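These are the residues of each chain, in order.
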Amino acid sequence: MNVWASLILSLIAIGAVATVGAVAGAAVQFFDLSAAAWLFGVVIPYLAFVTFIAGFIYRVTTWARSPVPFGIPTVCGQAKSLPWIKQSRLESPFTKLEVVARMALEILCFRSLFRNTRMTFKGGRPLYGPNQWLWVIALAFHYTFLVIVIRHMRFFTEPIPGVLKLLEALDGFLQIGAPYVLISGFVMAGAATFLLLRRLAFANIRYISLPNDYFPLFLILTIAGTGILMRHVFKVDIVAVKAMMMGIVTFHPVAPMDIGMLFYIHLFCVCVLIAYFPWSKLMHMGGVFLSPTRNLPNNTRAVRHENPWNYPVKVHTYEEYEEEFREKMIEAGLPVEKEAAEEE
Amino acid sequence: MYDKGKVITGLAIFFLVFTFPFWSNIGKTAPMPERSLDTPVLQEMAREAGLDLEQALKEGAINCVEDKDYIVSQHMHLLNLWRDSVVRSGNRMYAGAFGKRHEMSLSKSCMNCHSNKKDFCDRCHNYMNVNPYCWDCHLTPEQMGTASDAEVKQ
Ligand code: HEM
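These numbers were taken from a predicted model, which means no experiment stands behind them. Here, residues in each chain are numbered from 1, in the same order as that chain's written sequence. Ligands are numbered from 1 and chains lettered from A, in the order in which they are written. Only residues with pLDDT of at least 70 get local features here, since the model is predicted, and only at 80 or more are side-chain atom pairs given and counted; chain-wide, interface and lining totals rely on the full set of residues. Remark: hydrogens and water are excluded; side-chain values derive from all non-hydrogen atoms of the structure.

Asker: I'd like a rundown of the overall build of chain B, residues and numbers included.
Answerer: Helix and strand labels come from DSSP, where a helix needs a run of H or I of at least four residues and a strand needs a run of E of at least two; each type is numbered from the N terminus. Assigned secondary structure in chain B consists of 10 helices and 2 strands. For 154 residues, the compact-globule estimate of 2.2 N^0.38 gives 15 Å, and chain B exceeds it by more than 25% at 22 Å. Counting only C-alpha atoms, chain B reaches 75 × 40 × 30 Å along its principal axes. Partly exposed describes any residue whose relative accessible area lies between the buried limit of under 20% and the exposed limit of over 50%, with all areas from a 1.4 Å probe on protein chains only and scaled to the type maximum. Considering chain B as a whole, with its 154 residues, one finds that 36% of them fall into the buried category. For accessible areas, the Shrake-Rupley method is used with a probe of radius 1.4 Å. Any residue's cover is judged against the shown protein chains and nothing else. Just so you have it, chain B exposes about 9,600 Å², and 56% of that area is on carbon and sulfur atoms. Neither His nor the chain ends contribute to the count of charged residues, in which Lys and Arg are positive and Asp and Glu negative. Where a charge sits is defined by one atom per residue type, namely NZ (Lys), CZ (Arg), CG (Asp) or CD (Glu). Chain B carries 17 positive and 19 negative side-chain charges, and their two centres are separated by 6 Å. Each radius of gyration is computed over the set of C-alpha atoms, and the globule rule expresses the reference value as 2.2 Å times the number of residues to the power 0.38.

Set out below in C-alpha cells:
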C-alpha cells in the first residue's frame, strides 16, 4: 500500500477512535448523559478487558496447536561440536538452560535488534556498519511503557504498595512542576514519535509500512499525549478516576463521574488498544515466547526432531509389489527376484 | 496442542499478571475519600453568615479562593503560581474569584481554613500517593500547633 493511503487510513481510524472518546466525554460533561458515562466508563472497559484476555489466550493456543515440523533455530555462533571446538553457548544453545538464557536476553534486552546493521555506500562500495538507534529507542519505549503501566496501578490498588510509591518517586525525582513531571511518560512519547518518524523517513521502511503499523503508533501517541495533557495542562480530578477504577476492579462499579473529555479519550483509546491487541502485531508480546527460531535448541545433530505431523504412512514394499504382479512381470519378460511358485 | 505444559504455564502466568487489579482487590472496597470541612474557622464563617456549615457550603456563602471544581483539580497549579508570584515578583496578594483578596500563603491562607490537614489534604493525597514536597520546608498546622484534626488533638 502506498504511504499516503496507509497514513490516511490509519489517521482516519485514530481520528474516529479519539472522536468517539471525545463525544462520550462531552456527553458526560455538558449534557450530563449518564448512559454515555456508564457505557464508556464501565461497560466498554469490561468488554475490552475480556476481549484482551480471551483473545490473547486464543491466539497463543492457536499457535501452540500448529506443529513445528523442523528444528529451525536461527543461530549465529558455533554449534556444539567436537570437544575441542569451543561452542558459543548463548548464540547457539544446545541445552535447555542455554535456550532459556538466550530467550531471556532476547526478551529483556532485545538482542537481535542490537545486531541491526545498516548498509551505506562509501566511494561506490557498499559498507555494512552497526546501527543501534532502533535498539536504544525500542528499549526505551518498551521499558517506559512498562513503568507507566505499573505506575498506573495506583489507580487500581488501595492501599498503594510501597514499591509503586518508590517507583513513582524515582520517576519523578526531577521534581518539576506540580504535579511533578514523570520522566517515563515523556520518554515514551518521544520514543514513540521516533518510531513513527523512522517509518516515514526511510524509503525502504516507508515502503513496507502499512496501516496496521501506523495505527498502533498513533493510538499509543494519543494515549501518551492525552495522559500528559491530563497531568500537566488540563488537569482532571484523579481521585474520582481512582474511585471509578476501584469500582470496576471490585465489581461494584460506581456511577462514572464527569471527569472531563480528555479522560474519556484516554480511557477509550486504552480500551481500543487492549481490545485490538490480540488481533494485531502487538501480539509479538506473546509471540516472542513461541518463536521456533528462538526457542528451539540447536541440537539437531544429536537429537532427532520428530515432525509432529508425521503419521504412519502406508507403504507398498518392492517384495509386496512383486508378489502382486509376478506373473504379469514374467509374462512381459521383466526380471523378477523370486521365480513364480508354480515353476519351482 | 504441542508443549502443553509449557504453554499452559505461560498462559497461567499471563492471566495472573494481567488480572492483578482484580484478584488483589478481592473483598476490598475503596470508596472515594471524604474531605472534612469541619474546622473552627469554617464554622465561624458559617456562623457569621447565619447558617450552619453544611447549608453555608451548599448555598455558596462560604467559598474557597476559586470555584470548587477548579480547586479540586488545579490547586497544585495555583499553589505553584502563588509561589512564583511571591518568590519572584514579591507580589503577595491574590484576587480571588469571589471578590475577595487573599494573601498568597499556604500556611496563612490555605491552612488557616483547612487546619485539619489529616482529615482534609491527606485523605486524597494518601489515596492517590501524592506527596507534595511543600511540607519539606513549610510547617504543617500540626507542627505549628494550630491543627484542628480530631486525631491530632487527642
Ligand atoms: C496502555 C495503558 C496506558 C498508558 C500507556 C497510559 C499512559 C499515560 C501517560 C504517559 C500519562 C502521563 C503521566 C504519566 O506518565 O503517568 C498518563 C496519565 C494518566 N492516565 Fe494513563 N495510560 C494508560 C492507561 C490508563 C488507564 C486504564 C487509566 C484509567 C484509570 C488511565 C488514567 C490516567 C490518568 C487519570 C492520568 C493522569 C494522571 C495524573 O494526573 O497524575 N490511564 N497515562
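Asker: Could you give an account of a nonpolar patch on the surface, with specific residues and numbers?
Answerer: Within this analysis, patches are made of residues with over 30% relative accessible area and no salt bridge. Like charges are joined at 9 Å or less; nonpolar side chains (Val, Leu, Ile, Met, Phe, Trp, Tyr) at 5 Å or less. Salt bridges are defined by distance alone: a side-chain nitrogen of Lys or Arg within 4 Å of a carboxyl oxygen of Asp or Glu. On the surface, a nonpolar cluster with roughly 450 Å² of combined accessible area is contributed by F30, F31, L33 and M261 of chain A. If you trace the backbone, F31 of chain A turns up in helix 1 (residues 3-31).

Asker: Which residues make up the pattern of salt bridges, and what are the values?
Answerer: Residues and elements named next belong to chain A. Taken as a whole and judged by the stated rule, the model has 19 salt bridges over all chains. A salt bridge links R89 to E98; the shortest N-O distance between them is 2.7 Å. By relative accessible area, E98 is classed as buried at 7%. Ionic pairing is found between E306 and R304, a salt bridge with its closest N-O pair at 3.7 Å. R304 matches E306 in its accessibility class, with the two residues each being exposed. One network of salt bridges, with partners in common, ties together E91, R111 and R115.

Asker: Which residues make up the site of the ligand, and what values do they have?
Answerer: Residues and elements named next belong to chain A. For this description, a residue counts as near a given molecule or strand if any of its non-hydrogen atoms is within 4 Å of it. The ligand sits among 22 residues. The nearest are R151, H152, R154, R231 and H266. Measuring from an oxygen atom of the ligand, one finds a side-chain N or O atom of R231 at 2.6 Å. Looking at the shell around the ligand, the elements with two or more residues in it are helix 5 (133-151), helix 9 (211-232), helix 10 (238-249) and helix 11 (261-276). If one sorts the elements of the shell around the ligand by residue count, helix 9 sits on top with 6 residues. For this scheme, ten residues count as nonpolar: Ala, Val, Leu, Ile, Met, Phe, Trp, Tyr, Cys and Pro. Four count as charged, namely Asp, Glu, Lys and Arg, and the remainder, Gly too, count as polar. Here the residues of the shell around the ligand sort into 15 nonpolar, 4 polar and 3 charged. Definition of a polar contact: a pair of N or O atoms within 3.5 Å, with one able to donate and the other able to accept a hydrogen when the atoms are protein atoms, and with sequence-neighbouring residues admitted only if both atoms are side-chain atoms.

Asker: Go over helix 7 (residues 183-201) of chain A with me, naming the residues and quoting the values.
Answerer: Residues and elements named next belong to chain A. Given a helix with a known number of residues, its expected span is that number minus one, times 1.5 Å. The end-to-end C-alpha distance of helix 7 is 26 Å, a good match for the 27 Å that 19 residues give at a rise of 1.5 Å each. Along helix 7, the residues classified as buried are S184, G185, M188, A189, A191, A192, L195, L196, R198 and R199. Throughout, a residue-residue contact means that at least one pair of heavy atoms, one from each residue, lies within 4.5 Å. Where helix 7 is buried, its residues contact helix 5, helix 6 (162-171), helix 8 (203-207) and helix 9.

Asker: Can you tell me about the interface of chain A and chain B, naming the residues and giving the values?
Answerer: Counting residues at the interface gives 45 residues for chain A and 30 residues for chain B. Here the quantity called buried area is the accessible surface, traced with a 1.4 Å probe, that two parts lose on coming together, added over both. Here chain A meets chain B over a buried area of about 3,400 Å², counting both sides, of which 73% is carbon and sulfur. Here chain A is connected to chain B by 0 salt bridges. For the interface between chain A and chain B, the tally reads 5 residue pairs in polar contact (both at pLDDT 80 or more). Mapped by element, the contributors of at least two residues to the side of chain A that touches chain B are helix 2 (34-65), helix 6 and helix 10 of chain A. Looking at the side of chain A that touches chain B, the element that brings in the most residues is helix 2 of chain A, giving 10 residues. Grouping the amino acids of the side of chain A that touches chain B by side-chain chemistry returns 30 nonpolar, 6 polar and 9 charged.

Asker: A description of the coordination of the iron atom of the ligand should follow, citing residues and the corresponding values.
Answerer: Residues and elements named next belong to chain A. Note that water is not among the atoms used; donors are N, O and S atoms within 2.8 Å of the metal (3.2 Å for Na, K and Ca), so sites may look incomplete. At 2.0 Å from the iron atom of the ligand lie its protein donor atoms, namely H152 (NE2) and H266 (NE2). Because the angles between the 6 donor atoms bound to the iron atom of the ligand fall within 86 to 179°, the donor set is best described as octahedral. Taken together, the positions of H152 in the loop between helix 5 and helix 6 and H266 in helix 11 put the pair 114 residues apart, joining distant regions of the chain. The exposure class of H266 is buried, given its relative accessible area of 11%. Think of it this way: with four donors and all angles in the 85 to 135 degree range, the site is tetrahedral; with four or six donors, opposite ones beyond 155 degrees and the rest between 65 and 115, it is square planar or octahedral; otherwise it is irregular.

Asker: Which residues make up the environment of N310 of chain A, and what are the values?
Answerer: Tracing the backbone through its elements, the reader meets N310 of chain A in the loop between helix 13 (292-295) and helix 14 (318-331). Through-space distance from the C-alpha of N310 of chain A to that of P69 of chain A is 8.7 Å; in sequence the pair is 241 residues apart.

Asker: Describe the packing of helix 7 of chain A against helix 9 of chain A, listing the residues and the values that go with them.
Answerer: Residue and element names in this part refer to chain A. Close contact between helix 7 and helix 9 brings their axes to 10 Å; oriented N to C, the two are set at 150°. Comparing their axes, helix 9 and helix 7 come out roughly antiparallel. Seen along the crossing, helix 7 lies across helix 9 with a hand that is left-handed. For the pair helix 7 and helix 9, contact is made by G185, F186, M188, A189, A192, T193, L195, L196, R199 and L200 and by D213, Y214, L217, F218, I220, L221, A224, I228 and H232, respectively. Each axis is a line fitted through C-alpha atoms, taken for helices only over the stretch in contact, and angles between the N-to-C directions span 0 to 180 degrees. Each angle receives one of four descriptions, namely roughly parallel if under 35 degrees, roughly antiparallel if over 145, roughly perpendicular if within 65 to 115, and oblique otherwise. For any pair of crossing helices, the crossing counts as left-handed if the nearer helix is rotated counterclockwise from the farther one by less than a right angle, and right-handed if it is rotated clockwise.

Asker: Tell me about the packing of aromatic side chains, and please be specific about residues and values.
Answerer: Pairing of aromatic side chains requires ring centres within 6.5 Å, counting the rings of Phe and Tyr and the six-membered ring of Trp. Pairs whose planes differ by under 30 degrees are stacked, by over 60 edge-to-face, and all others tilted. With the rule as written, the count across this model stands at 21 aromatic pairs over all chains. A centroid spacing of 5.3 Å and a plane angle of 85° characterise the contact between F52 of chain A and F277 of chain A, whose relative ring orientation is edge-to-face. Here F52 of chain A is found in helix 2, whereas its partner F277 of chain A is found in the loop between helix 11 and helix 12 (284-287), with 225 residues between them in sequence. Like F277 of chain A, F52 of chain A is buried. Arranged with centres 5.0 Å apart and planes meeting at 40°, the rings of F14 of chain B and F18 of chain B form a pair that is tilted.

Asker: Give me the lowdown on helix 3 (residues 96-109) of chain A, citing residues and values where you can.
Answerer: Residue and element names in this part refer to chain A. Compared with the 20 Å implied by 1.5 Å per residue over 14 residues, the 19 Å span of helix 3 between its first and last C-alpha is a close match. Those residues of helix 3 that fall on the buried side of the exposure criterion are E98, V99, R102, M103 and E106. For helix 3, the buried positions fall inside an angular range of 135° around the axis, keeping them on one side. Turned more than 90 degrees off the buried face of helix 3, the exposed positions are K96, L97 and V100. In this fold, the buried residues of helix 3 make contact with helix 4 (111-114) and helix 13. Phi turns positive, to about 50°, at F110, one or two residues after helix 3. In this context, the arc is that of the directions from the helix axis out to the C-beta atoms.

Asker: Residue-level account of the pairing of strand 2 (residues 125-130) of chain A, with values.
Answerer: All names here are of chain A. Here a strand pair is declared whenever DSSP counts at least two bridges between the two strands. With 6 bridges connecting them, strand 1 (residues 117-122) and strand 2 associate as antiparallel partners. Paired with T120 across the two strands is L127, which belongs to strand 2. In this structure, the hairpin formed by strand 1 and strand 2 is closed by a connection of 2 residues, where G123 is found at a positive phi of approximately 55°.

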